[in-house]
Protein chains: 2
Amino acid sequence: MAHTAELIAVGTELLLGNIANTDAQMLSKELSALGINVFHHSVVGDNPQRLRAAVEVARTRSDLIITTGGLGPTCDDLTKNVLAECFGKKLVFNREAALRMEAYFKKLHPESGKMTENNYQQAYLPEGCVPFQNDWGTAPGCGFEVDGVRVIMLPGPPSECGPMFRERAVPYLQDWTDGVILSRSLRIFGMGESAVEDQLREHMNAMTNPTLAPYAKEGEVELRLTAKAPTQEEARALLTPAETALIRRFGELVYGVDIPSLEWACLTLLKEKGLTVSVAESCTGGLLSKRFTDLPGVSAVFKGGVVSYWSQVKHDILGVPNDLLFQYGAVSDPVARAMAEGVRTLAGSDLSLSITGVAGPDPDDRGNPVGLVYAAIAGQGETFVRVIHAAGPRERIRTVAASHALDLLRRRLMGLPMEIEKR
Amino acid sequence: MAHTAELIAVGTELLLGNIANTDAQMLSKELSALGINVFHHSVVGDNPQRLRAAVEVARTRSDLIITTGGLGPTCDDLTKNVLAECFGKKLVFNREAALRMEAYFKKLHPESGKMTENNYQQAYLPEGCVPFQNDWGTAPGCGFEVDGVRVIMLPGPPSECGPMFRERAVPYLQDWTDGVILSRSLRIFGMGESAVEDQLREHMNAMTNPTLAPYAKEGEVELRLTAKAPTQEEARALLTPAETALIRRFGELVYGVDIPSLEWACLTLLKEKGLTVSVAESCTGGLLSKRFTDLPGVSAVFKGGVVSYWSQVKHDILGVPNDLLFQYGAVSDPVARAMAEGVRTLAGSDLSLSITGVAGPDPDDRGNPVGLVYAAIAGQGETFVRVIHAAGPRERIRTVAASHALDLLRRRLMGLPMEIEKR
């Protein structure tokens, strides 16, 4: 039987517009993947009466109420107190939660002695609940059931809410997800969302199991296939042909299935081949290096790089000849080429990437337009330069530029054509 | 008299988690600036019954209901039909709206002839309403009042919702905006949220106008003061003494008021003093450079840097002596020092920052614990190294490490003590 969830976010900062309710977006995605319907989101401030009212309405129309926020000392554990009261539960001290908090606090402030008193409040949880220990922050969450309505409380910060839902709440909901839901996510780089959708439209509407949903990311598209079946095997049997068809349709634009990112694809390929990489960045200003080093274990293949924001640095550190900089300007094919080759020699890596371009908001001093970017790859073959015309705000242009550089690396490591073929 | 607004977003894509409800964030900001309280956000799908229910509740507790989305042909003008019905209004054809749509359509599709029939549906608006012509898309919005409750309907796409609110709805609300709300945000680095809480607890509860609310950011705390008064001047008069008191209390931990970030504070100081900076990063792997280059115009002061992820790169590019690397290891005070001094010489900058540490997930080969970080600053005085013990996941450790380096730069540029003083 299908369950209905309702999300209640608690936090005046949401009502003041200081932050967007991204927890609701994340939870909605996760819940629909579990086959649990979400018919309502609501947001209330740090206000007991209004939270109580929202909960009283929610329990009449949903059998799963998930709250986010209002757990920490900042708000005197508003959410916990109100929900315990609504569902007639006492708050009892949870020793393990207290110990976890102390440990987390010690790690955070090894010098300053003991945890402040107000933190211990957070260790009080509704009697008989399933505690969700917080390995990503201090405030623990929990789940409990009263009269067929399940309540789940999660912390507000997305960096705690997400992992706690996936690692604590999903297991708690296991018995609800009758049958299994399996998803596969195909990642596409090199084609716009609307172009992908155009190719899939009639297709998508026809598909019911598995369902097919595209999600646009900055310069990327994620295609999520979701199948529902009594068993894992049956769900897989539904997914595989659909996945194969999509891969046939989009070819080498699909850079991976169920992998987190382009940089992750590159890391895996570099490890397989035992090759190292270094980078030289101008307009991306460290973003490409950051994306590599976001990945634990990347030190096996990523040696480092140079952020040559100034032309002088391009010359002094990377050895880009001044006459190239003078004749063609910093944003040019020859300079991108020289940057890649320069950093490769400097770092002594098998491969190297470079990026130079105009991130904006203004054109460069030579009148190159915002969004014009050159990305180059050197090593394991001839140096290759790709010209990119990225659109959108500064941050998006930088992200797209870095993704193109990673796409060059992926293509070279896989022996694919370096240019993105129009489809 | 203070008014109370309630936001109702209509769109299944929100309940599926395809998009976040950023309209609600934008509108909440704008409304609080107008001195209109927002106590509830809610989201329903493209479903007449649930929308009607949400509206019926809203009209009992709010005197302004703002809907976003659910206009336009794709959803059969769901929102318009339901709200007209709820408030007992007929929909009547609005000729000007129709003409605007035709014009917009021609601009969009100069080749294809006339607008499709279903688009004309959108020109029907509740009788007696104030039409909000849409210069940013097709579907017009509108405002009307029934029994003291005002209703405003806005299109869902943020690129239409924002401008239509500011240019159409705000004038419509003119007679309501008695009084103003002013906020000031003090940014604190170097003290944990709960410690800040402890110092402010009794204080905060006592304060009503201005109110004081702390928000935790990664390794930072934002203190927001919000005052409500009949005029800008009176609001400012309420804010200033409270702001002064907080700055006295937290001293140099306050790195700015109403500024976006530590890096922004550093950029401003560097420009004022006409000084340049370069960076050498190990465990942050480009994050510090990225944070600098997130800021447009940073090229005036930020020359670039080196991401020396490998010890070999620390030696070959930054010139860190091998015996230091061998004797103390890459994660050590002497190496942080040598990295900062090395990159400063290499880039020829007035100042330089370096970061070396263990971001995790595992301790380094010398058994240094995850979260141990050394940050150094060179130039404009003796080279100084700060030892940091950061906690949490890899990404948080990297962010906190970069913030400490920025804090060193800010303190040196302001002539403050380099160590964070316990309070």
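Residues numbered from 1 in each chain as written. Chains lettered and ligands numbered in written order. Predicted model: local features only at pLDDT ≥ 70, side-chain atom pairs only at ≥ 80, totals over all residues. Heavy atoms only, no water.

(A) How the structure looks around the interface of chain A and chain B. Contacts between the two partners involve 68 residues from chain A, matched on the other side by 68 residues from chain B. Between chain A and chain B, the buried area comes to about 5,600 Å², and carbon and sulfur atoms account for 57% of it. Contact with chain B buries surface across chain A, with Leu15, Lys303 and Trp310 of chain A losing the most and accounting together for 11% of the total. Close ionic contact of Arg398 of chain A with Asp294 of chain B constitutes a salt bridge, the shortest N to O distance being 2.7 Å. Where chain A meets chain B, there are 39 residue pairs in polar contact (both at pLDDT 80 or more). The residue inventory of the side of chain A that touches chain B, partitioned by class, reads 30 nonpolar, 26 polar and 12 charged. Judged from the five bridges that link them, strand β14 (residues 302–308) of chain A and strand β14 (residues 302–308) of chain B form a sheet pairing that is antiparallel. Looking at the pairing, Gly305 of chain A lines up with Val307 of chain B of β14 of chain B. (Contact = heavy atoms within 4.5 Å. Buried area = accessible area lost by both parts, 1.4 Å probe. Salt bridge = Lys/Arg side-chain N within 4 Å of Asp/Glu carboxyl O. Polar contact = N/O pair within 3.5 Å; in protein donor to acceptor, adjacent residues only side chain to side chain. Nonpolar A, V, L, I, M, F, W, Y, C, P; charged D, E, K, R; others polar. Pairing = 2+ DSSP bridges. Helix = DSSP H or I, 4+ residues; strand = E, 2+ residues; numbered from the N terminus.)

(B) Molecular detail of unusual backbone geometry. Residues and elements named next belong to chain A. That bond from Asn209 to Pro210 is cis: its omega, 5°, falls within 30 degrees of zero. Topologically, Pro210 is positioned in the loop between α8 (193–206) and β10 (211–217). One non-glycine residue, Asp147, lies in positive phi territory at about 50°. Examined against the element boundaries, Asp147 turns out to sit in the loop between β7 (141–146) and β8 (149–154). Even without being a glycine, Asp258 presents a positive backbone phi close to 55°. Here Asp258 lies in the loop between β12 (254–257) and α10 (262–273).

(C) Quick look at the packing of α8 of chain A against helix α9 (residues 232–250) of chain A. All names here are of chain A. The geometry of α8 relative to α9 is characterised by a closest axis approach of 12 Å and an angle of 145° between their N-to-C directions. Our pair here, α8 against α9, has a crossing hand that is right-handed. Residues Val196, Gln199, Leu200 and His203 of α8 pack against Leu246, Arg249 and Phe250 of α9. (Axes fitted to C-alpha atoms, helices over the stretch in contact; angles between N-to-C directions. Left-handed = near helix turned anticlockwise from the far one by under 90°.)

(D) Here's a closer look at the pairing of β8 of chain A. All names here are of chain A. Counting buried positions along β8 yields six of six residues, so the element is predominantly enclosed. Along β8, one buried face is formed by Val149, Val151 and Met153 and the opposite face, lined by Arg150, Ile152 and Leu154, is buried too. Direction of pairing for strand β3 (residues 64–68) relative to β8: parallel, over a ladder of five bridges. Note that in β8 the partner of Leu64 across the bridge is Arg150. Judged from the five bridges that link them, β7 and β8 form a sheet pairing that is antiparallel. (Buried < 20%, exposed > 50% of the residue type's maximum accessible area, 1.4 Å probe, protein only.)

(E) Just the pairing of strand β11 (residues 220–229) of chain B, in detail. Residue and element names in this part refer to chain B. Of all 10 residues in β11, nine are buried; the element is thus mostly enclosed. Relative to β11, strand β9 (residues 180–189) is paired through 10 bridges, and the arrangement is antiparallel. Note on β11: the bridge partner recorded for Phe189 is Glu220. Two strands pair when backbone bridges link them, and strand β10 (residues 211–217) and β11 are joined in this way by seven bridges, in the antiparallel orientation. Looking at the pairing, Thr211 lines up with Thr226 of β11. The loop that links β10 with its antiparallel partner β11 comprises two residues; one of these, Gly219, has a positive phi angle of about 75°.

(F) Spotlight on the nonpolar core. One finds Leu223, Phe250, Leu288, Phe292, Leu353, Ile355 and Leu409 of chain B to be the most contacted residues of the largest nonpolar core, which totals 63 residues. For this core, the element with the most residues is helix α15 (residues 394–414) of chain B, which contributes nine residues. Residues within four places of Leu288 of chain B in sequence aside, it is in contact with Val279, Glu281, Leu353, Ile355, Ala402, Ala405 and Leu406 of chain B. Counting residues in hydrophobic clusters, the runner-up holds 62 residues, among them Ala227, Ala265, Leu351 and Ala401 of chain A. (Core = buried A, V, L, I, M, F, W, Y, C linked by side-chain atoms within 4.5 Å.)

(G) Geometry of the pattern of salt bridges. Residue and element names in this part refer to chain B. With the rule as written, the count across this model stands at 51 salt bridges over all chains. For the salt bridge of Lys80 with Asp77, the shortest nitrogen-to-oxygen distance reads 3.3 Å. For Asp77, a relative accessible area of 3% corresponds to the buried category. Across the pair Arg100 and Glu96 runs a salt bridge, and its minimum N-O distance is 3.5 Å. A residue pair is termed a helical-turn pair when its members lie 3 or 4 positions apart in one helix, as Arg100 and Glu96 do in helix α5 (residues 95–108) at four residues. Glu96 sits in the partly exposed class, given a relative accessible area of 44%. Sharing partners across several salt bridges, the network here consists of Glu252, Arg386, Asp407, Arg410 and Arg411.

(H) How the structure looks around empty space enclosed by the protein. In the structure shown here, the tally under the stated rule is three cavities of 30 Å³ or more. Considered as a void within the structure, the largest cavity measures approximately 120 Å³ in volume. Among the secondary structure elements, those contributing two or more residues to the lining of the largest cavity are α2 (22–33) and β2 (37–44) of chain A together with α2 (22–33) and β2 (37–44) of chain B. Considering only residue class, the lining of the largest cavity consists of 10 nonpolar, eight polar and no charged. Counted as a void, the second largest cavity has a volume near 40 Å³. Forming the boundary of the second largest cavity are Ala97, Arg100, Met101, Gln133, Asn134, Gly137, Thr138 and Pro140 of chain A. Per-class residue counts for the lining of the second largest cavity are three nonpolar, four polar and one charged. (1 Å grid on protein atoms, 1.4 Å probe; cavity = no way out; pocket = protein on both sides within 12 Å on 5 of 7 lines; lining within 4 Å. Points joined across faces, edges and corners; volume = space filled by probe spheres on them.)

(I) Representation of α15 of chain B in the model. Residues and elements named next belong to chain B. An ideal rise of 1.5 Å per residue puts 30 Å on 21 residues; α15 measures up with 30 Å between its terminal C-alpha atoms. Extensive coverage of α15 is indicated by the burial of 19 of its 21 residues. Just downstream of α15 lies Gly415, where phi reads positive at about 65°. (Expected span 1.5 Å × (residues − 1).)

(J) How the structure looks around the packing of aromatic side chains. All names here are of chain A. Throughout the structure, instances matching the rule amount to 10 aromatic pairs over all chains. Here the aromatic rings of Phe292 and Phe302 are separated by 5.2 Å at their centres, their planes lie at 20°, and the arrangement is stacked. Separated by 10 residues along the polypeptide, Phe292 in helix α11 (residues 287–293) and Phe302 in strand β14 bring together distant segments of the chain. An identical accessibility class is assigned to Phe292 and Phe302; each is buried. (Phe/Tyr/Trp six-rings, centres within 6.5 Å; stacked < 30°, edge-to-face > 60°.)

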